[in-house]
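Structural overview for review
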Amino acid sequence: MAGLVIVAIPVSFIADSLGIVALQIFKGNLLKSFSIEQVQDIAATLLKISDYIGQLITFHWGLWLIPLGLLVYRSGFIPRIFGILLLINGLGYMISSATFILFPNSLSSVSKFIFPTYFIGELPLIFG
């Protein structure tokens, strides 16, 4: 679990940095010697890369929730239902990310069914 977090945090910072650089490009603060079309293409590409990195991080968080759900389920001092809900939550993240990367055209239809699982385990654990 710690390894997944150690990898995910710096990668998240990289994705956010790409988004900030794209914003600066769109504002005209960077790449002033390029044509408008080139600047827009570069900024759009950076945003797309940031989106893909975000989906990979979402997959990592899903992977992280699986062992957490197992630990909660086996703990004995936290109700087992929270562990089951965390497992469902993690699988939801992983299915959504895999759909985004492998079948991007199907994401909207899959998201209708998967979205309710996003918070099904984390929120009850926090407030339970």
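Structure shown above.
A brief look at the structure comes next.

Some points on the nonpolar core
Counting residues in hydrophobic clusters, the biggest one holds eight residues: L65, L68, V72, F82, L86, Y93, I114 and Y118. Broken down by secondary-structure element, the contributors of at least two residues to this core are helix 2 (36-75) and helix 3 (80-102). What V72 contacts, discounting residues up to four positions off in sequence, is I78, P79, F82, G83 and L86.

Section: the packing of helix 2 against helix 3
Two quantities define a packed helix pair, namely the angle between the helix axes and the distance between the axes. It is the contact of helix 2 with helix 3, at a shortest axis distance of 7 Å, that shows an interaxial angle of 160 degrees. By the criterion of interaxial angle, the relationship of helix 2 to helix 3 is roughly antiparallel. Crossing handedness for the pair helix 2 and helix 3: left-handed. Per-class residue counts for the contact of helix 2 with helix 3 are 20 nonpolar, nine polar and two charged.

So, helix 2
With 40 residues, helix 2 extends 58 Å between its outermost C-alpha atoms, agreeing within 8% with the 58 Å of an ideal straight helix rising 1.5 Å per residue. V39, A43, L46, S50, I53, Q55, I57, G62, L65, L68, G69 and V72 are the residues of helix 2 that are buried. In the core, the buried residues of helix 2 are packed alongside helix 1 (2-27), helix 3 and helix 5 (122-127). Immediately beyond the C-terminal end of helix 2, within one or two residues, lies G76, with a positive phi of roughly 90 degrees.

A look at the packing of helix 3 against helix 4 (residues 107-114)
Here helix 3 crosses helix 4 at 175 degrees, and the two axes come no closer than 10 Å. Comparing the axis directions of helix 3 and helix 4 gives the class roughly antiparallel. On helix 4, the residues touching G92, I95, S96, T99 and F100 of helix 3 are L107, V110 and I114. By residue class, the composition of the contact of helix 3 with helix 4 is five nonpolar, three polar and no charged.

Definitions and cut-offs
Residues numbered from 1 in each chain as written. Predicted model: local features only at pLDDT ≥ 70, side-chain atom pairs only at ≥ 80, totals over all residues. Heavy atoms only, no water. Core = buried A, V, L, I, M, F, W, Y, C linked by side-chain atoms within 4.5 Å. Buried < 20%, exposed > 50% of the residue type's maximum accessible area, 1.4 Å probe, protein only. Helix = DSSP H or I, 4+ residues; strand = E, 2+ residues; numbered from the N terminus. Contact = heavy atoms within 4.5 Å. Axes fitted to C-alpha atoms, helices over the stretch in contact; angles between N-to-C directions. Parallel < 35°, antiparallel > 145°, perpendicular 65-115°, else oblique. Left-handed = near helix turned anticlockwise from the far one by under 90°. Nonpolar A, V, L, I, M, F, W, Y, C, P; charged D, E, K, R; others polar. Expected span 1.5 Å × (residues − 1).

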